[in-house]
Amino acid sequence: LEFRRVLFRSIQISAAAKNDSSQSGSASITLDSGISIDLTPLSVDLPFGATQKFSAQVVSKGHPDPSLRWSVDGVTGGNTSVGTIRGASVTVNDGSTATYTAPSSDPGNASVDVTAISVADPSKSAKAVVTLKCKQGISPVRASVLLSHSLTFTATWCSGPSTTSTWTIEEI
């Protein structure tokens, strides 16, 4: 028998003698697709609003559908709270890459899970942990400006852009 799409994980087979039902036996069989997922990187630190490319591949002795479904914290494709994941689509047919975009501000959780899930066998997946980090500072860090011209600086703190920063100018 060949199973193209397995909808169950284990089966029980029983047999009994036709003329004597007291003579019987049974066996349990666990079915496994033989699929695994290779995912890189498995962990990454990422500032809010930044992007990270992930590579994944379906590995199997057979020839299963290589498509992957991507999720962030269990949400297919992610959302603005946990970040989004995009490839050619949420389901990537070649299984190769997808790009995660971190939320633009602190969602209140220190990390999220980016998961690549096999379309051929949804019980097979690989997970990467993205630790969300605050990137604070002043932008631009270095600049040149002509006399009589202006230059705008932006201060970004872990709580978001600030319009109430205290600014000082110092000759160096």
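Here we summarise the structure given alongside this text. (Residues numbered from 1 in each chain as written. Predicted model: local features only at pLDDT ≥ 70, side-chain atom pairs only at ≥ 80, totals over all residues. Heavy atoms only, no water.)

As for the overall build of the chain
As a reminder, the rule being used: Per the convention used, a helix needs a DSSP run of H or I reaching at least four residues, while a strand needs a run of E reaching at least two, with both numbered from the N terminus. Each residue gets one of three labels from its accessible area relative to the maximum for its type: buried under 20%, exposed over 50%, partly exposed in between, using a 1.4 Å probe on protein chains only. Working rule for contacts: check all heavy atoms of both residues, and any pair within 4.5 Å makes them a contact. The Shrake-Rupley method, run with a 1.4 Å probe, gives the accessible areas here. Residue values count only the displayed protein chains as cover.
When helices and strands are counted, the chain shows 0 helices and 16 strands. Out of the 172 residues belonging to the chain, those deemed buried represent 24%. For the chain, the share of sequence-separated contacts (at least 6 apart) that also reach a separation of at least 24 residues comes to 47%. Entry remark: accessible area of the chain is about 12,000 Å², with carbon and sulfur atoms responsible for 51%.

Focus: the sheet that holds strand S5 (residues 51-59)
We count it as follows: Criterion used throughout: strands pair if DSSP finds at least two bridges between them.
As summarised here, the arrangement of the 5 strands in space is S3-S5-S11-S9-S8, forming an open sheet in which the pairing is antiparallel. This sheet does not close on itself; its edge strands, each paired only once, are strand S3 (36-40) and strand S8 (78-79). Pairing analysis gives 2 bridges linking S8 to strand S9 (residues 83-86), with the strands arranged antiparallel. Residue pairing in the sheet places Gly-78 in a bridge with Thr-84 of S9.

Remarks on the pattern of salt bridges
Rule in force here: Salt bridges are identified by distance alone: a Lys or Arg side-chain nitrogen within 4 Å of an Asp or Glu carboxyl oxygen.
As enumerated under the stated definition, the model contains 1 salt bridge in all. Two residues, Lys-127 and Asp-113, come together in a salt bridge whose shortest N-O distance is 3.9 Å. Taken together, the residues span a long stretch of sequence, with Lys-127 in strand S13 (residues 125-133) and Asp-113 in strand S12 (residues 111-118) at a distance of 14 residues. Note on Asp-113: relative accessible area 25%, which makes it partly exposed.

Concerning the side chain of Asp-121
Our working rule: Any N or O atom pair separated by 3.5 Å or less is treated as a polar contact, with the protein-specific requirement of one donor-capable and one acceptor-capable atom, and with residues adjacent in sequence counted only for side-chain atom pairs.
Within the secondary structure, Asp-121 sits in the loop between S12 and S13. Since its relative accessible area comes to 4%, Asp-121 is described here as buried. Engagement of the side chain of Asp-121 in a polar contact is seen with the side chain of Ser-123, the distance being 2.7 Å.

Re the nonpolar core
Under the convention used in this document: The nonpolar core is taken to be a set of buried Ala, Val, Leu, Ile, Met, Phe, Trp, Tyr and Cys residues, with the residues joined through side-chain atoms within 4.5 Å.
Ile-37, Phe-54, Trp-70, Ile-85, Tyr-100, Val-114 and Val-130 are the most contacted members of the largest nonpolar core, which has 23 residues in total. Contributing elements (two or more residues each) for this core: S3, strand S4 (43-47), S5, strand S6 (68-72), strand S11 (97-101), S12 and S13. Looking at which element gives the most residues to this core, the answer is S13, with 4 residues.

Quick word on a nonpolar patch on the surface
Quick reminder of the rule: Each patch is built from residues lacking any salt bridge and having more than 30% relative accessible area; the joining distance is 9 Å for like charges and 5 Å for nonpolar side chains (Val, Leu, Ile, Met, Phe, Trp, Tyr).
A cluster of nonpolar residues, Ile-138, Val-145, Leu-151, Phe-153, Trp-157 and Trp-167, forms a patch on the protein surface that exposes about 550 Å² of accessible area. Considering the arrangement of structural elements, one finds Ile-138 in strand S14 (residues 137-139). Take Ile-138: its relative accessible area is 41%, and that puts it in the partly exposed class.

Regarding unusual backbone geometry
Cis geometry is adopted by the peptide bond preceding Pro-41, which originates at Thr-40 and carries an omega value of -10 degrees. Examined against the element boundaries, Pro-41 turns out to sit in the loop between S3 and S4. Residue Pro-140 is bonded to the preceding Ser-139 through a cis peptide linkage, with omega at -5 degrees. Backbone geometry places Asp-73, a non-glycine residue, at a positive phi of 50 degrees. Mapped onto the secondary structure, Asp-73 falls in the loop between S6 and strand S7 (75-76). The phi angle at Ser-148 is positive, at roughly 75 degrees, despite the residue not being glycine. As for its position among the elements, Ser-148 is in the loop between S14 and strand S15 (154-157). We classify Ser-148 as exposed; its relative accessible area is 80%.

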